[in-house]
Amino acid sequence: MAEEEMDPTLLSVLEQKTLRWIFVGGKGGVGKTTTSCSLAIQLAKYRKSVLLISTDPAHNLSDAFNQKFGKDARLINGFDNLSAMEIDPNGSIQDFISNAGESGEDAMAQLGGMGNMMQDLAFSVPGIDEAVSFAEVMKQVKSLAYDVVIFDTAPTGHTLRFLQFPTVLEKGLAKLSQLSQQFGPMINTFMGARGGLPGGQNFDEIMQRMESIRETIAEVNTQFKNPDMTTFVCVCISEFLSLYETERMIQELNGFEIDTHAIVVNQLLFPQPGDPCDRCGARWKMQKKYLDQISELYEDFNVVKMPLLTEEVRGKEKLEKFSEMLVKPYQPPT
């Protein structure tokens, strides 16, 4: 018996009520933000509360909805259960240590040579700086208790680093724990004589904060690898480089044990009846070749085919209209 053909929509994602984390990612310029915003709009019809987070330094959510967002969750105009926030994925350990409005550099300066040693040990783990920032964000997001969270991620390379953060943080914390055991009492004694770290913290308190975050990240990491709770929606266009990057990303996701079973193919130039445009016809012929390859490579995926539109998809009304095509396949005119 032949396998049932996969539904060419994102209904499987929308109807999976156990999902807690949804990532949307792909190569730069393929329509990730438009897709993530549209998916969030549709999810708001199925879930009690939805949070859309941009982890892309370019931060296009504000442009997409014509509304300013920042590091705190804010309701999107026109919705009562859909919020958005834009976060900076590049944080620092100095920021983590700092408190009460004083800088982490001041704290490190007060620690002198010991501070340099602590910093060197922490930074000996590649990516630890960003991972600490990610951990703080995830702790904040978990405390907000949204029903489902969608990440509008940065281009592929950054996204794959982002997904490695839980593992990177575990390694960094193990090194800091080692430092704490060896030098913690000495540092606390040294700092006690100099008035302590900014905000009155001592080294043990910093390590307690790190341990609290480690527990959060360990929990989130377990959820990321649970297909009932996490999935990744790949976004691409029907061109060689985009298809190549999508294949690389899917292989990486499999390596991270993160579920992915949906691909959104944007900017398809479906032929129009009576259209005399030779370039359009040639473009569609090229797109069709790679679209056929996508269908063959990912026959067990939900492959959603989205048309190239004549205007930008910006603002609530246009995004809502675009989002409908994620659940009801676009039908080219005949």
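Residues numbered from 1 in each chain as written. Predicted model: local features only at pLDDT ≥ 70, side-chain atom pairs only at ≥ 80, totals over all residues. Heavy atoms only, no water.

An unreviewed UniProt entry lists the chain under the name Anion-transporting ATPase, with Microthyrium microscopicum given as the organism. Taken verbatim from the UniProt record of the chain, the Subunit (unreviewed entry) comment is "Homodimer." Recorded under Sequence similarities (unreviewed entry), the UniProt text for the chain is reproduced unchanged: "Belongs to the arsA ATPase family." (UniProt positions renumbered as here; feature names shortened; annotations may be inferred.)

A sheet is described by the order of its strands in space; here eight strands give the open sequence β3-β4-β2-β5-β1-β6-β7-β8, paired in mixed fashion. In this open sheet, the two edge strands, each paired with only one partner strand, are β3 (74–75) and β8 (302–307). Pairing geometry for strand β2 (residues 50–54) and strand β5 (residues 148–152), over five bridges, is parallel. When the sheet's bridge partners are listed, Leu52 is paired in β5 with Ile150. (Pairing = 2+ DSSP bridges. Helix = DSSP H or I, 4+ residues; strand = E, 2+ residues; numbered from the N terminus.)

The next subject is the pairing of β5. Among the five residues of β5, five are classified as buried, and the element is accordingly described as predominantly covered. Of the two faces of β5, the one holding Val148, Ile150 and Asp152 and the one holding Val149 and Phe151 are both buried throughout. Relative to β5, strand β1 (residues 21–26) runs parallel, the two being bridged by four bridges. Opposite Val24, over in β5, you have Asp152 as the bridge partner. (Buried < 20%, exposed > 50% of the residue type's maximum accessible area, 1.4 Å probe, protein only.)

Our next topic: the UniProt feature "binding site: ATP" (unreviewed entry) in the chain. Within this structure's numbering, the places UniProt gives as "binding site: ATP" (unreviewed entry) are Lys27, Gly28, Gly29, Val30, Gly31, Lys32, Thr33, Thr34, Glu239 and Asn266. Residue position: Gly28 is located in the loop between β1 and α2 (32–43). Structurally, Val30 can be placed in the loop between β1 and α2. Note on Val30: relative accessible area 1%, which makes it buried. Those residues in contact with Val30 that lie beyond four places of it in its chain are Val235, Cys236, Ile237, Ser242, Asn266 and Gln267. (Contact = heavy atoms within 4.5 Å.)

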